Every structure is written in C-alpha cells, then in structure tokens.
Amino acid sequence: MKSAVIVFPGSNCDRDVAAALEQVSGSKPHMAFHKDTELPEVDVIAVPGGFSYGDYLRCGAMAAHSPIMAVVRERAAKGVRVMGICNGFQILTEAGLLPGALIRNKTLKYICKTVDLKVETTDSPFTAHYQAGQTIRIPVGHGEGNYVADGETLKRLEGEGRVAFRYVGAAGAADAEGNPNGAMNNIAGILNEKRNVLGMMPHPERAFEPLHGNTDGRAFFDSLLESLS
Amino acid sequence: MSKTWKEPEVTEALAAEHGIKADEYQRLLEIVGRTPTFTELGIYSVMWSEHCSYKSSKVWLRKFPTTGPHVICGPGENAGVIDIGDGLAAIFKMESHNHPSYIEPFQGAATGVGGILRDVFTMGARPIANLNALRFGEPSHPKTKQLIAGVVSGIGHYGNCVGVPTVGGETNFHKAYNGNCLVNAMTVGIAAQDKIFYSKAAGVGNPVVYVGSKTGRDGIHGATMSSAEFNEDSESKRPTVQVGDPFTEKLLIEACLELMATDAIQSIQDMGAAGLTSSSVEMAGKGGLGIELNLEKVPQREPGMTPYEIMLSESQERMLIILKPGSEDLARSIMEKWELDFAVIGHLTDTGRFVLKMHGETYCDLALAPLFDAAPLYHRPTEPTPAKPDLEDGVRVLKGSAADALKTLVACPDLASKRWIWEQYDSQVGASTKFLSGQADAAVVRVHGTKKGLALTSDVTPRYCYADPYRGGMQAVAESYRNISAVGATPLAITDNMNFGNPEKPRIMGQFAQCVEGMAEACRALDYPVVSGNVSLYNETNGEAILPTPTVGGVGLMADGMAAVGLALRTAGDVLVLLGETRGHLGQSLYLREVLGREDGPPPPVDLAAERKHGEFVRALVADGLLTASHDLSDGGLLVAVAEMAMAGGIGAALELGDADAGFLFGEDQGRYLLAVPAAQADAVLSRATAAGVPARKIGTVGGDALNGLPGGAISIASLKQANEAWLPQFMAGTAH
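Residues numbered from 1 in each chain as written. Chains lettered and ligands numbered in written order. Predicted model: local features only at pLDDT ≥ 70, side-chain atom pairs only at ≥ 80, totals over all residues.

Where an unreviewed UniProt entry is consulted, chain B appears under the name Phosphoribosylformylglycinamidine synthase subunit PurL, with the organism given as Aerophototrophica crusticola. The UniProt entry for chain B carries this comment under Subcellular location (unreviewed entry): "Cytoplasm". (UniProt positions renumbered as here; feature names shortened; annotations may be inferred.)

As recorded in an unreviewed UniProt entry, chain A goes by Phosphoribosylformylglycinamidine synthase subunit PurQ and comes from Aerophototrophica crusticola. Its UniProt record gives chain A the following Subunit (unreviewed entry) comment, quoted word for word: "Part of the FGAM synthase complex composed of 1 PurL, 1 PurQ and 2 PurS subunits." Looking at the Subcellular location (unreviewed entry) heading of the UniProt record, one finds this comment for chain A: "Cytoplasm".

What follows covers the overall build of chain B. Looking only at helices and strands, chain B has 25 helices and 28 strands in total. Here chain B has a C-alpha radius of gyration of 26 Å; the compact-globule value for 737 residues is 27 Å, and the two agree. Overall, chain B is about 85 × 50 × 45 Å in size when its C-alpha atoms are taken along their principal axes. Looking at chain B as a whole, 64% of its 737 residues qualify as buried. Here the analysis covers contacts within chain B between residues at least 6 apart in sequence; of these, 85% occur between residues at least 24 apart. (Helix = DSSP H or I, 4+ residues; strand = E, 2+ residues; numbered from the N terminus. Rg over C-alpha atoms; globule rule 2.2 N^0.38 Å. Buried ≥ 20, exposed ≤ 12 C-beta atoms within 10 Å, placed from the backbone. Contact = placed C-beta atoms within 7 Å.)

On a plain count of helices and strands, chain A comes out with 5 helices and 11 strands. Taken over C-alpha atoms, the radius of gyration comes to 16 Å for chain A, in line with the 17 Å a tight globule of 229 residues would show. Seen along its three principal axes, the alpha-carbon backbone of chain A occupies a region of about 45 × 40 × 35 Å. Counting the 229 residues in chain A, one finds 56% classified as buried.

Our focus in this paragraph is the sheet that holds strand β6 (residues 182-192) of chain B. Residues and elements named next belong to chain B. Read from one edge to the other, the open sheet built from 6 strands follows the order β1-β2-β3-β6-β4-β5, with strand pairing classed as mixed. Each end of this open sheet is capped by a strand with a single partner; those strands are β1 (71-73) and β5 (166-173). Strand-to-strand twist across the sheet, computed as the mean angle between neighbouring axes with direction ignored, equals 20°. Strand direction decides the pairing type here: strand β2 (residues 80-85) and strand β3 (residues 88-96), joined by 5 bridges, are antiparallel. Bridge assignment links Gly 85 to a residue of β3, and that residue is Leu 88. Contacting β3, β4 (126-136) and β6, helix α7 (residues 105-121) runs over the sheet at an angle of about 25° to β6. Its contacts with the sheet place helix α8 (residues 144-162) against β4, β5 and β6, and it is angled at close to 175° to β4. (Pairing = 2+ DSSP bridges. Axes fitted to C-alpha atoms, helices over the stretch in contact; angles between N-to-C directions.)

Taken together, the 23 residues of chain B in the interface contact 24 residues of chain A. Tallied by class, residues from the side of chain B that touches chain A come to 8 nonpolar, 9 polar and 6 charged. (Nonpolar A, V, L, I, M, F, W, Y, C, P; charged D, E, K, R; others polar.)

Take the UniProt feature "active site" (unreviewed entry) in chain A next. Summarizing the sequence annotation, UniProt attributes the feature "active site" (unreviewed entry) to Cys 86, His 203 and Glu 205 of chain A in the numbering used throughout. Taken along the chain, the residues just named run across 120 residues; in space they keep tight, none of their C-alpha pairs more than 11.2 Å apart. Checked against the element boundaries, His 203 of chain A lands in the loop between β11 (197-200) and α5 (218-227). Accessibility expressed as a C-beta count within 10 Å gives 31 for His 203 of chain A, which makes it buried. Beyond its immediate stretch of four places on either side in the chain, His 203 of chain A contacts Cys 13, Gly 49, Ile 85, Cys 86, Ile 138, Pro 139, Val 140 and Gly 141 of chain A together with Gln 428 of chain B. For Glu 205 of chain A, the position within the fold is in the loop between β11 and α5. The contact partners of Glu 205 of chain A, leaving out residues within four places of it in the chain, are Cys 13, Asp 16, Val 17, Ala 20 and Gly 217 of chain A together with Ala 431 of chain B.

Quick look at the UniProt feature "active site" (unreviewed entry) in chain B now. All names here are of chain B. Under the UniProt annotation, the feature "active site" (unreviewed entry) is placed at His 51 and His 97. The largest pairwise C-alpha distance within this set of annotated residues, which runs over 47 residues, is 11.1 Å, so the set is compact in three dimensions. One can find His 51 in helix α4 (residues 50-53). If you trace the backbone, His 97 turns up in the loop between β3 and α6 (98-103). Not counting residues within four places of it along the chain, the set of residues in contact with His 97 comprises Gly 108, Ala 109, Thr 111, Gly 112, Gly 115, Val 183 and Ala 185.

Before going further, it helps to examine the environment of Val 197 of chain A. With respect to the secondary-structure elements, Val 197 of chain A resides in strand β11. Between the alpha carbons of Val 197 of chain A and Gly 84 of chain A there is a distance of 8.0 Å; along the sequence they are 113 residues apart.

A word on α8 of chain B. Because the α-helix completes a turn every 3.6 residues, residues three or four places apart line up on one side. Residues and elements named next belong to chain B. Its 19 residues give α8 an end-to-end C-alpha distance of 27 Å, which sits within 8% of 27 Å, the value for a rise of 1.5 Å per residue. By the criterion of burial, α8 is predominantly enclosed, with 15 of the 19 residues buried. Just downstream of α8 lies Gly 163, where phi reads positive at about 80°. (Expected span 1.5 Å × (residues − 1).)

All names here are of chain B. Taken across its 11 residues, β4 has 10 buried, putting it largely inside the fold. Taken together, the 9 bridges between β4 and β6 define a ladder with antiparallel strand orientation. Its bridge partner being in β6, Arg 126 is matched across the sheet by Ile 190. One ladder, built from 7 bridges, connects β4 with β5; its direction is parallel. Within β5, the position partnered with Leu 134 by the bridge is Thr 171. Traced from β4 through α8 to β5, the parallel crossover comes out right-handed. (Right-handed = clockwise from strand over helix to strand, strands pointing away.)

Residue and element names in this part refer to chain B. Burial of strand β25 (residues 673-677) is extensive: 5 of the 5 residues sit out of reach of the surface. A two-sided burial pattern is seen for β25, the buried positions comprising Tyr 673, Leu 675 and Val 677 on one face and Leu 674 and Ala 676 on the other. Two elements, strand β22 (residues 575-579) and β25, share 5 bridges in a ladder whose sense is antiparallel. Counted as the bridge partner of Val 575 is Val 677 from β25. Where strand β23 (residues 629-632) lies against β25, 4 bridges are found, and the strand directions are antiparallel. In the sheet register, Asp 632 faces β25, and the bridge partner there is Tyr 673.

Attention now goes to the environment of Tyr 177 of chain B. All names here are of chain B. Examined against the element boundaries, Tyr 177 turns out to sit in the loop between β5 and β6. Note: C-alpha distance between Tyr 177 and Glu 423 (246 residues apart in sequence) is 24 Å. Discounting chain neighbours no more than four positions away, the residues touching Tyr 177 are Arg 135, Phe 136, Gly 137, Leu 182 and Ile 546.

With that settled, consider the UniProt feature "binding site: Mg(2+) 2" (unreviewed entry) in chain B. Residues and elements named next belong to chain B. In the numbering used here, UniProt assigns the "binding site: Mg(2+) 2" (unreviewed entry) feature to Asp 119 and Asp 270. The annotated residues occupy 152 residues of the chain but converge on a single region, no pair of C-alpha atoms lying more than 6.5 Å apart. Secondary-structure assignment places Asp 119 in helix α7. When residues no more than four places from it in sequence are discounted, the contact partners of Asp 119 are Asn 78, Ala 79, Lys 93, Glu 95, Asp 270 and Gly 272. When residues no more than four places from it in sequence are discounted, the contact partners of Asp 270 are Asn 78, Arg 118, Asp 119, Thr 122, Ser 279 and Met 319.

Residue and element names in this part refer to chain B. Core analysis: the biggest nonpolar cluster contains 323 residues, and Leu 456, Val 477 and Val 642 have the highest contact counts within it. Looking at this core, the element that brings in the most residues is helix α19 (residues 506-525), giving 10 residues. When sequence neighbours within four positions are dropped, the list of residues in contact with Val 477 reads Ile 494, Met 519, Ala 522, Cys 523, Leu 526, Tyr 528 and Val 552. (Core = buried A, V, L, I, M, F, W, Y, C linked by C-beta atoms within 7 Å.)

Before going further, it helps to spend a moment on the environment of Ala 22 of chain B. Residue and element names in this part refer to chain B. With respect to the helices, strands and loops of the structure, Ala 22 is situated in helix α2 (residues 22-32). Judged by the 11 C-beta atoms lying within 10 Å of it, Ala 22 is exposed. A C-alpha to C-alpha distance of 6.9 Å links Ala 22 and Glu 12, two positions 10 residues apart in sequence.

The relative placement of two packed helices comes down to the angle between their axes together with the axis-to-axis distance. Residues and elements named next belong to chain B. It is the contact of α7 with α8, at a shortest axis distance of 7 Å, that shows an interaxial angle of 35°. With respect to the hand of their crossing, α7 and α8 are arranged in right-handed fashion. Along the contact surface, α7 presents Pro 105, Phe 106, Gln 107, Gly 108, Ala 109, Ala 110, Val 113, Gly 114 and Leu 117, while α8 presents Leu 147, Gly 150, Val 151, Ser 153, Gly 154, Ile 155, His 157, Tyr 158, Gly 159 and Val 162. (Left-handed = near helix turned anticlockwise from the far one by under 90°.)

Quick look at the structure:
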C-alpha cells in the first residue's frame with residue numbers, strides 16, 4: 001500500500017497518521033506539501049488533523065484552495081482512497097469532496113476525550129475490517145466537529161448507507177449523551193457516493209497501538225490495507 | 001528615506017518611571033559615564049528589571065545543586081538539558097506568566113505557553129509535552145470564574161493549535177491568590193545530543209538574523225510590569241500584555257527545526273521578555289562580543305515605530321539567530337517556505353559595544369558587558385517565618401463519619417475533578433501519551449521512535465510553604481520525586497518556578513530563602529538537580545502577597561514507557577499495601593481545612609532518606625511487574641488516595657482499618673505510597689519490604705462498588721464520583737460556589 005500525507009501549514013497530526021500508515025503498510029508515506037502540484041502514484045491519501053492555516057477564516061477553508069487539493073480532487077475522482085481526519089474532514093467538506101459542514105461544537109468549547117462510536121457500515125475500504133454495528137472507542141479532539149447538512153443531504157447519507165461512524169452513549173444508542181459536539185444524527189464520519197472518500201472527526205491513529213490503551217483504530221488502517229490486496 | 005526621532009530627555013524622574021530606583025540610576029550613570037539616551041534608558045530598565053536580572057534572587061539560586069551524571073546543561077541557558085540515553089536529550093523548563101494572565105487571562109496564558117515552547121525548541125528540541133500549574137483565588141471571589149475560563153481557553157487555544165499535547169498539571173484555589181493568580185507553564189522537548197543549540201554568540205562579522213513574526217507595539221515594558229506589585233490601576237496595564245499567534249508559532253517550530261537540521265546556525269535564542277533587547281544583549285554578552293543592529297531592517301507590523309519601541313516590544317513568535325557565514329540564502333529559503341519573515345538586521349563586532357542605528361542615526365552606543373553582567377545584585381534582608389505550634393491531641397478524634405469527611409474532601413475545589421479543564425486540552429496529539437496526570441501520579445509520554453517513556457509532574461503544596469517555607473520547599477521536591485517513582489520512572493532532574501511576593505519585604509524574602517534552602521537540601525539528598533527555572537516576584541496586590549509557591553516541574557525516565565503503572569484500581573482481589581510510616585500528621589492538612597475549617601499547625605516533616613528508600617523500593621516493584629496500581633499519599637492522606645484509585649478504576653475496596661482515627665485516615669505524613677498488588681504476590685511484596693526496611697502493611701482488598709470498612713459506614717464509588725465530578729462544571733456554569 002502506497003500512501004501520501006498532505007502537510008498544510010498548521011497540520012499537526014501529519015506525523016501521527018504517517019506513523020500508523022507506515023506501521024500497517026511497511027512503507028513510508030510520501031509527505032506532500034500544500035504548495036505541491038503533483039503527487040506520486042499512491043493508493044491512499046490522508047488529509048490529517050491540525051489547524052491548517054491556523055483555522056483562520058474558517059476551519060479548512062483556506063486549505064481547500066491550496067494547490068495540492070486540485071491533485072487530491074483529481075485522484076479522488078479516479079478512485080484513490082482519500083481519508084480526512086478531524087481538520088482533514090473539515091478540509092474535505094470545504095473542498096466539496098464530502099457534503100455538509102462542520103461548525104463550532106454545541107458547548108462552544110474544544111473537547112478532547114475518548115468517545116464511543118458505532119460502526120454503521122462495513123461496506124467501505126475504511127471500515128471493512130470492523131463488524132457492522134460494533135461499538136468502538138476512539139479519541140476526539142476538536143472545537144468544530146458539529147456536523148451539519150441540509151435535510152435532503154442527511155436523507156441521502158442515511159438512505160445510501162454513507163454514515164460510516166455515529167457517536168453513541170453508554171447504552172449504545174445515538175443519543176444526546178453520547179454526542180460530544182451536537183452533530184446532526186450523531187454523525188461522526190461519512191463517505192462520498194463512490195465510497196472512496198471518507199471524513200471523520202475522531203482520530204483512529206490515536207487508538208492504534210497498546211500504548212494508547214485501546215487499539216480500536218487499528219482495524220481502520222487494516223481495512224485500507226486489505227482493500228488493496 | 002531617513003527619519004529621526006527626537007527622544008525625551010532622560011532624568012532621574014523618567015528613570016523612576018521605568019522602575020529604576022534612585023541608587024540604581026546613580027550606578028547606571030557611573031557605568032555609562034554620561035546621561036543615557038531615552039532608548040538606552042529603556043534598555044537598561046528592562047535588563048535591570050527583576051524579571052531579566054534576577055537581582056533579588058540570584059544570590060539564593062546559587063544554592064541549588066545543578067550538576068549530576070545526567071545533566072548536559074544546567075541553568076543559564078534557555079532551558080535545561082538532560083541525557084536520556086541513546087544519544088537523546090530531554091530539554092525542559094517551566095516559566096510563569098502570572099501578571100499578564102491576571103490582567104488579560106486568555107492572551108496572558110496563551111503567550112505563557114508560547115514563550116515556554118520557544119525556550120525549548122530554540123535549543124533544538126521538538127516539544128513533546130506541555131504541563132501547567134494554575135493557582136486561582138477562592139471560588140467565591142468575583143474574578144475567579146472569569147480567570148479560570150480565560151486562562152484555560154488561552155492555554156488550550158495555543159497548545160492545541162501548535163500540536164503539542166497538554167498532558168498534566170495541577171489547579172488549586174486559595175484566597176491568597178485572589179488578586180494575583182499564578183499561571184506556570186512547562187514544556188518538555190526531545191533533541192539529539194549532537195544537535196543542541198546554545199545562545200552564546202561567536203564569530204565577529206557573523207550576520208544577526210531576525211525570523212518569525214513582525215514587531216509591533218504590544219508588550220512594551222512587559223518585563224518591567226512583571227517586576228512590580230499590582231494595585232487598582234493594574235487594569236490600565238492591559239496594553240503591556242502580548243498577543244499570541246499559535247499558528248505562526250507552529251510554523252516557527254517547523255522552520256527552526258528544519259533549519260537546525262542544516263549546518264547554518266551558530267547560535268539562537270528566542271525573543272522572550274524584553275524582546276530584541278535581552279536576546280541580542282544576552283547572546284553577544286555570553287560570547288564576550290559587541291553587536292550592531294540596524295533597526296530599520298527589523299520587520300515591523302506598523303509604521304512609525306521608534307527605536308525605543310522596537311527594542312522593548314514583546315511581540316511574540318520571534319527568534320534571533322547568529323548564522324554561520326554564507327548561510328543566509330539557505331536560511332532565508334527555509335523561512336520563506338514557511339512564510340515567515342526573515343531579515344539580516346546586523347552583525348557581531350569585536351568592539352564590545354551595543355550599537356543601535358536607525359536610518360543612519362545612532363540611538364544607543366553602550367558598553368555591552370555591564371548590561372549583561374553588572375545589574376545590581378541584592379542581598380535583601382530576610383526574616384524567618386515563625387514556627388507554628390503543634391496541634392492539640394484532640395484533633396485526631398474523627399469528626400462525624402469517615403464517609404462524610406471523605407465526600408467533603410473529594411468534592412472540595414482543590415481535590416475536585418479537573419475534567420472540565422483537561423478535556424479542553426488536546427492531550428493526545430503526537431499519539432504518544434500513555435498517561436495524563438489524573439490517570440497516574442505522573443503523566444507518561446513515549447519518546448517518539450523509541451520505547452522510552454518520560455514521566456512528568458508539577459508539584460508544590462503552597463500551604464505547607466507558607467506555614468514552614470523550609471519544610472514546604474523540601475516537600476515540593478520530595479513529592480515530585482515520589483510522583484515520578486510511583487509510575488516506576490527514575491527521577492532525573494527538575495525545573496523550578498519560584499512564585500513569591502515582594503522581595504523587598506523581609507518576611508517574603510525570608511520565605512524565598514527558606515524555600516530555596518529546603519528545596520536544595522531535598523535535591524541533594526535525592527540526586528535530583530535543578531537544571532532550569534524561573535523566578536516570579538512581586539506577586540502581590542495592594543500589599544497582599546500570594547502563598548509562597550515554588551512550583552517544581554519534575555522529569556523522570558523509564559526504559560519502557562509501556563511498563564508505567566497508573567493509579568486506577570483494576571482487578572478484584574488485588575491486595576492494597578500501604579507503604580511508609582503513618583504517624584497521623586494533621587497540621588496544614590486538607591482535612592483540617594475542609595472538615596474542621598482550620599489552617600493551623602506545622603506541615604508534615606519530610607524524611608529525605610526514607611523518601612529515597614521508599615522511592616527506590618517502589619520503582620523496583622514496578623520494574624519487576626508486581627504492581628497493578630500505585631499512588632502516592634499527599635493531599636487528604638490515605639482515604640483520599642484510596643478514593644482516587646477507586647474512582648479512576650470504577651471499582652471499590654474492602655478496607656481493614658480497625659478503629660482508625662482522623663490522623664490515620666486523613667493525615668498527610670510524607671514518604672508514603674498506596675500500592676495494589678495481585679493477591680498471589682502480596683506476601684512476597686510484604687516480605688521484600690521487611691527485608692528492605694520499608695514499613696508496609698496490608699490495608700485492604702480491591703473489589704465491590706463501594707469503600708467498605710470505613711469507621712462509621714461504607715460509601716459507594718458512584719456517590720464519591722458524583723461528588724468529585726460535580727463541583728467544577730457546576731461552578732463554571734454558575735450553579736455552585
């Protein structure tokens with residue numbers, strides 16, 4: 001599995017996601033800079049978390065217009081797997097690769113904690129290694145993770161099985177208790193129509209190895225590897 | 001275009017407005033040999049400020065032991081450097097941003113984080129962890145809530161954006177901080193030992209380079225402001241608080257580390273307090289050289305800035321670099337890649353003069369060495385704190401039930417859960433966090449690319465320091481040593497952040513002196529040297545001083561970070577072992593304050609030999625894999641420790657306490673740990689303790705959903721947790737006091 005990680009000024013999870021990709025695939029990801037206008041042939045592109053361009057103007061808004069994103073769009077159209085984690089999810093929505101938007105958390109505060117997620121579909125290269133309906137624990141860390149979309153978009157996402165992950169409470173239900181940021185329908189992660197682009201607020205690379213106290217994120221990366229073999 | 005400024009005439013009165021006292025002004029005149037220019041006066045005023053010169057504290061700071069087998073670089077550089085093996089170094093320091101945070105909590109705290117990060121990455125380290133120690137006034141004070149909200153969001157704003165995890169810290173409350181909160185921030189970074197950068201300039205003719213943000217009018221005279229007491233007019237000092245931009249800091253980190261990987265840098269220092277003045281004077285001063293700067297070349301944010309303003313600005317996210325000859329183009333290209341300003345603003349000279357020119361006009365021409373090393377040095381008079389009489393024996397009789405007292409304690413502001421705070425900090429970025437403080441006695445962070453774990457803590461018990469500064473100073477170091485040992489790491493070195501009141505008052509200076517003596521003795525006894533630090537004096541408002549608060553930031557090392565032991569109880573059937581001697585010391589205890597409403601008596605004595613022996617014993621148990629949980633006994637004593645372990649693990653314990661009194665249950669005797677040991681190993685651990693001469697006894701068994709066996713009845717973990725978790729969120733929401 002060959003991969004690339006996009007580095008924007010202000011990205012800060014680029015090395016973490018690169019380390020996880022390297023560990024599952026055995027090869028070092030290509031680190032692409034925001035000003036780059038080309039990418040090597042890769043199977044997976046990761047748009048990492050952080051504060052691209054300082055989150056100034058609006059989270060992800062400026063990154064979405066950087067030169068490298070034209071290449072990412074092109075590759076996504078060709079079916080390359082593109083994942084956006086946290087700020088990466090915000091960038092993919094701003095870039096029009098995923099529908100909806102991520103606005104300020106309902107609490108108006110940044111939140112860093114481990115949350116329960118329900119795996120809503122295993123029909124994607126990012127989630128095939130999970131069990132459908134499985135509850136996993138993955139950390140979040142964001143100030144703007146409150147997913148919003150118009151009614152029609154939500155209906156399509158739900159109807160087409162494009163909600164990848166949903167926040168759930170202790171009872172396993174998608175309730176207010178389990179929702180850390182106020183996201184509509186407790187949405188934590190979504191897929192595009194072709195299911196090769198995924199955006200999610202939680203950080204699977206932070207629940208990847210025993211040091212993290214929880215390895216529920218490992219299957220995310222294993223799914224990618226397996227989808228390519 | 002040439003432009004000249006007519007500077008105000010310098011008089012003794014103008015010097016006094018700059019915080020220079022009459023006798024200091026006479027000394028200045030003798031050194032300069034003429035009346036200084038306005039710019040020169042400004043430069044002297046910041047270099048001779050308490051903040052930059054340590055003029056009241058220096059004679060005492062020399063008492064700290066600062067060397068040891070692990071020490072690569074002790075105090076005097078931007079941060080301390082220790083050897084963590086395999087060619088790697090940990091670089092760390094703690095620094096206060098108290099005055100700015102009180103005036104403007106969000107920016108004050110944010111720039112405190114930014115400043116300490118720069119102190120660490122300027123030496124070549126990638127920052128891997130932040131901690132912060134916060135002290136606020138009593139919750140009922142009208143400013144407290146607003147200060148907490150501002151400080152916490154400021155720390156989060158900066159630390160989250162730069163992508164350095166905030167993994168630990170402490171938050172306490174006391175009325176002595178009503179008019180003067182404390183914000184102490186610590187950063188730890190990792191560097192290769194052969195890629196450590198220092199600030200001593202060398203090479204006559206070498207270019208002096210400015211990188212980072214542009215210079216604006218913010219923070220002018222911040223160092224001087226931080227060297228004076230507060231009063232009702234302090235609100236008007238808001239313009240002296242700097243404004244931070246963590247995005248630029250993040251770019252600066254990446255750009256500097258990229259430049260450091262080349263061979264371009266001769267020396268480097270961040271522009272912190274007193275900005276361009278202190279960085280250029282200190283770098284040239286350490287190298288015994290002169291320096292000449294052309295100020296029109298300094299990147300400026302606004303037009304019309306005077307030489308005085310440029311030199312005294314404390315604009316953030318700026319670094320000063322001496323480049324090796326011919327490296328300008330390489331350095332410029334890296335800074336431009338990261339979209340940062342880059343300017344060659346001068347060069348090193350062999351004249352020994354500090355020369356500042358702007359558009360051809362000279363605004364400063366001073367001998368440099370006296371600016372650097374001839375600041376006044378004060379042996380200020382000290383007055384000892386009188387010893388507190390012992391408490392009466394009757395105080396040991398438990399008031400009410402143990403369960404009620406315990407519930408009161410875990411819900412009190414000092415011990416209540418700080419989840420509301422730490423969930424606002426990104427503690428996971430870097431994907432190397434094993435434990436946050438709260439999950440273990442020390443935060444544990446893996447060193448990237450290795451199995452090593454660094455154990456990090458922040459400790460001090462100000463009420464002990466107030467009651468007996470010598471003993472309190474000792475206790476702060478001992479508790480740091482204990483917390484690091486509790487996770488299984490070897491304590492290597494500390495950074496200290498000395499927060500005190502007005503040193504011109506003999507009682508305050510006495511507190512400082514005695515705290516230093518106590519800390520130094522503990523550092524020597526525990527082989528736990530001081531490698532960096534910061535002094536913050538004049539923490540007073542309207543004559544009311546804070547409690548003496550010498551915050552100790554500790555760093556320890558484990559060969560395998562995965563082996564670190566947390567404080568959460570895990571397994572039913574594990575045996576709880578109390579290690580160390582319990583005499584039942586209630587003087588200055590939280591039980592006394594929170595349950596009996598008294599702040600009396602002497603703080604607990606510290607037996608440094610026992611601390612060392614017990615610490616070594618616990619570390620050996622962790623190394624042998626014999627512990628499932630480990631926690632030191634500190635605030636609130638034995639029962640609070642049990643409760644914290646039970647709440648963290650969501651499992652109770654059956655305690656065997658007999659008819660224990662308040663002293664046994666809540667006393668704060670030092671040198672103690674509570675350990676959870678698998679039942680099969682319990683006897684072996686107890687006999688190892690006997691053999692080692694370490695007092696140890698079984699005090700219960702893990703299991704159930706309550707703490708059973710308390711005198712006066714059990715208490716459920718759920719109700720303890722509710723009491724512990726409720727206070728801070730309710731207080732911040734305005735529904736509790």
